Amino acid sequence: DVKVTQSSRYLVKRTGEKVFLECVQDMDHENMFWYRQDPGLGLRLIYFSYDVKMKEKGDIPEGYSVSREKKERFSLILESASTNQTSMYLCASSFPSSGSYNEQFFGPGTRLTVL
Amino acid sequence: AQSVTQLDSQVPVFEEAPVELRCNYSSSVSVYLFWYVQYPNQGLQLLLKYLSGSTLVESINGFEAEFNKSQTSFHLRKPSVHISDTAEYFCAVRKLGAGNKLTFGGGTRVLVKP
């Protein structure tokens, strides 16, 4: 079974702190994604990576950065956390599309609260 | 820009009753369509997908969805729901040629009552 794990289920941080959210997948997937999930807005793509050290902005990258030093690990970084970044963060991974579709597999999510 | 609209944010339904979750998308090009389900305190799981071929697609647990190109819709239905179907359901679209990026709707929370 594909497994996508996220370092924390719940996280509480203070405004201005630097926050790292970690995601690890065990299926040798090239693609990895970070989404945030908010009520009524569904999932919105923050960043994705299609290979080690490669990244591309999603729909809402402002206030976030990412790091992918190893194929299995994709980190989301909040350089200076703000209260409007309180949300559920979901990581996903997949093989590349290459003209067809490859399913995205999701982690359980990290619920981040910024006070 | 591509968008996905789920018309109902919450759908309460009694056990063994039918349910329909509506999804409309806007796209001028061909798309792939998906329904994902999120059970309480879990990540998203793929429920079913439309890539090509028959416009009616089915899942293993009794859900089905029909792709209607003229109405740009992909509504999800189940003729008889169970308590275990209580979850949030997300419709998603992938534009062909857009890599593996998905655009999600706002979600529909289904609460099945006994």
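Not measured: the values here are computed from a predicted model.

So, how was this worked out
- Residues numbered from 1 in each chain as written.
- Chains lettered and ligands numbered in written order.
- Predicted model: local features only at pLDDT ≥ 70, side-chain atom pairs only at ≥ 80, totals over all residues.
- Heavy atoms only, no water.
- Disulfide = S-S within 2.5 Å.
- Helix = DSSP H or I, 4+ residues; strand = E, 2+ residues; numbered from the N terminus.
- Buried < 20%, exposed > 50% of the residue type's maximum accessible area, 1.4 Å probe, protein only.
- Contact = heavy atoms within 4.5 Å.
- Buried area = accessible area lost by both parts, 1.4 Å probe.
- Salt bridge = Lys/Arg side-chain N within 4 Å of Asp/Glu carboxyl O.
- Nonpolar A, V, L, I, M, F, W, Y, C, P; charged D, E, K, R; others polar.

A. Focus on the state of the cysteines. All told, the structure shown has two disulfides over all chains when counted by the stated rule. What pairs with Cys 23 of chain A in a disulfide is Cys 91 of chain A, and their sulfur atoms sit 1.9 Å apart. Where Cys 23 of chain A bonds to Cys 91 of chain A through sulfur, the torsion about that S-S bond is close to -75 degrees, and the disulfide is left-handed. Here Cys 91 of chain A lies in strand S9 (residues 87–94) and Cys 23 of chain A lies in strand S3 (residues 19–25), a separation of 68 residues in the sequence. For the pair Cys 23 of chain A and Cys 91 of chain A, one class covers both residues: buried. Between the sulfur of Cys 23 of chain B and that of Cys 91 of chain B lies a disulfide, 1.9 Å long from S to S. Given an S-S torsion of about -70 degrees, the disulfide between Cys 23 of chain B and Cys 91 of chain B has left-handed geometry. With a gap of 68 residues between them, Cys 23 of chain B in strand S4 (residues 23–26) and Cys 91 of chain B in strand S10 (residues 87–95) connect regions that are remote in the sequence. Here the two residues Cys 23 of chain B and Cys 91 of chain B agree in accessibility, since each one is buried.

B. Fine view of the interface of chain B and chain A. Between chain B and chain A, the contact holds 21 residues from the first and 26 residues from the second. Buried surface at the junction of chain B and chain A, both sides included, amounts to about 1,700 Å², of which 53% is carbon and sulfur. Viewed at the interface, chain A and chain B are joined by one salt bridge. Between Glu 56 of chain A and Lys 101 of chain B there is a salt bridge, with the nearest N and O atoms lying 3.7 Å from each other. Those elements that provide at least two residues to the side of chain B that touches chain A are strand S5 (31–38), strand S6 (44–50) and S10 of chain B. At four residues, the largest contribution of residues to the side of chain B that touches chain A is made by S5 of chain B. Of the residues in the side of chain B that touches chain A, the class split is nine nonpolar, eight polar and four charged.

C. Local environment of the pattern of salt bridges. All names here are of chain A. Scanning all chains against the criterion turns up 12 salt bridges over all chains. In this structure, Lys 18 engages Glu 79 in a salt bridge whose closest nitrogen and oxygen atoms are separated by 3.5 Å. Note that Lys 18 is positioned in the loop between strand S2 (10–13) and S3 and Glu 79 in the loop between strand S8 (73–78) and S9, a separation of 61 residues in sequence. By relative accessible area, Glu 79 is classed as partly exposed at 44%.

D. Fine view of unusual backbone geometry. Its identity is not glycine, yet Asp 28 of chain A carries a phi of approximately 60 degrees, on the positive side. With respect to the helices, strands and loops of the structure, Asp 28 of chain A is situated in the loop between S3 and strand S4 (31–38). On the accessibility criterion, Asp 28 of chain A (49% relative accessible area) is partly exposed. Even without a glycine there, the phi angle at Glu 16 of chain B is positive, about 75 degrees. With respect to the element layout, Glu 16 of chain B can be found in the loop between strand S2 (10–14) and strand S3 (19–21).

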